[in-house]
Amino acid sequence: MAKLFRYECKRLLWNKFFFGILAALLLYGHQVLSGATVLGVAHTAPFSPWSFGDYLSRILPLLWMGTLFFLTFFTSSKARRAAVLTDAAPMAPGRYAAARCGAALAGTGILALAGLLEAAIFYGTYFGWFGWESLLLPAAVTLIPALLFALGSGWLLGRIRSWLLYVWMPLPVLCMLLPLPEALGLWNGSFFSEYPLTLGMLDPAFELPPFAAAAQCLLLAGGVVLLALGGRRSGGFAGGCPE
């Protein structure tokens, strides 16, 4: 199991596609930090949880696409043909599924950490600010539910039809263009730019209202349920590589 996990991680992470996604993320992240975050949002400091959350909401579409792209390694036509061999192996299909899902999750985590590290370097270099503990909550509530939902929904969709993953990739971009309900404001960044203005104070402490917390909890639960459904439907991802 451990060897399979290491193999899948190496296959996902040691290739030009991963480095391309990472480079695009860091380049776009730098543009956001230097062009928007440095000004602050909703009259807050650039290193406030609100401005940091706005930065995360802007790079979230790339993280979402990266997560779904990792899943294409296991759902392409070549991967499905290779599944004939893995299905004949003595290892239970569920263990293959767990290893490959873990590898996709590890890749997603590395991309997310790269975005967080870039922000940390930016804050330290430009402002000499190192109060990272105040940014942990906005990072957790913004990234974890959305990326777990991306993994769960992508798992299920990819097992139905591999091309559905590509159709699903632009969803966060579409959300940023639409006037979403206030409860879904973390998806398009409006929560971070608008909600602080309703608190009646300058640079307020970060807080997550009940309606936003409920929406993120439902998103997190949905990701877990979809992961379970996707694994039950097919027994796991096939092996192989992207087309």
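All of these numbers come straight from a predicted model, not from anything done at the bench.

Procedures and definitions
- Residue positions are given per chain, counting from 1 as you read along its sequence in written order.
- Confidence filtering applies because this is a predicted model: local features only for residues at pLDDT of at least 70, side-chain atom pairs given and counted only at 80 or more, and all residues used for totals across whole chains, interfaces and linings.
- The side-chain numbers reported here are obtained from all heavy atoms of the structure, hydrogens and water having been left aside.
- Note on aromatic pairs: the rings of Phe, Tyr and Trp (six-membered ring only in Trp) are paired at centre separations within 6.5 Å, and the planes decide the class, stacked below 30 degrees, edge-to-face beyond 60, tilted for the rest.
- Exposure categories follow from relative accessible area, calculated using a 1.4 Å probe and restricted to protein chains: below 20% of the type maximum is buried, above 50% is exposed, and the middle band is partly exposed.
- Definition used for salt bridges: Asp or Glu carboxyl oxygen within 4 Å of a side-chain nitrogen of Lys or Arg.
- Helix numbering and strand numbering both begin at the N terminus, where a helix is a DSSP run of H or I of at least 4 residues and a strand a DSSP run of E of at least 2.
- For helices, the fitted line uses only the C-alpha atoms of the stretch in contact; every axis is such a line through C-alpha atoms, and the angle between N-to-C directions lies from 0 to 180 degrees.
- Angle categories are assigned with fixed cut-offs, so that under 35 degrees is roughly parallel, over 145 is roughly antiparallel, 65 to 115 is roughly perpendicular, and the rest are oblique.
- Whether two residues are in contact is decided by their heavy atoms: any pair within 4.5 Å suffices.
- Following the grouping adopted for this structure description, the nonpolar residues are Ala, Val, Leu, Ile, Met, Phe, Trp, Tyr, Cys and Pro, the charged ones are Asp, Glu, Lys and Arg, and the polar ones are all others, Gly among them.

Peer 1: Can you break down the packing of aromatic side chains residue by residue, with the values?
Peer 2: Here the distance between the centres and the angle between the planes together describe a pair of aromatic rings. For the structure on display, the rule yields 28 aromatic pairs. Seen in terms of ring centroids, Phe-130 and Trp-132 are 5.7 Å apart; in terms of plane orientation they differ by 90°. Their pairing is edge-to-face. When its relative accessible area of 29% is taken as the criterion, Trp-132 is described as partly exposed. With 5.2 Å between their ring centres and 75° between their planes, Phe-191 and Phe-192 make a pair best called edge-to-face. Assessed through its relative accessible area of 4%, Phe-191 is described here as buried.

Peer 1: Describe the pattern of salt bridges, listing the residues and the values that go with them.
Peer 2: A full pass over the atoms with the stated rule returns 3 salt bridges. Note that Glu-8 is salt-bridged to Arg-11, the shortest N-O span being 2.5 Å. Taken together, the residues Glu-8 and Arg-11, both in helix H1 (residues 2-13) and 3 residues apart, mark about one turn of the helix. Its relative accessible area of 1% is what places Glu-8 among the buried residues.

Peer 1: I'd like a description of the packing of helix H2 (residues 16-35) against helix H3 (residues 49-75), backed by residues and values.
Peer 2: Orientation of H2 relative to H3, taken along the N-to-C sense of each, is 175°, at an axis distance of 10 Å. Our classification of the angle between H2 and H3 gives roughly antiparallel. For the pair H2 and H3, the contacting residues are Phe-17, Phe-18, Ile-21, Ala-24, Leu-25, Tyr-28, Gly-29, Val-32 and Leu-33 in the first and Tyr-55, Arg-58, Ile-59, Leu-62, Leu-63, Gly-66, Phe-69 and Phe-70 in the second. Looking at the contact of H2 with H3 residue by residue, the class counts come to 14 nonpolar, 2 polar and 1 charged.

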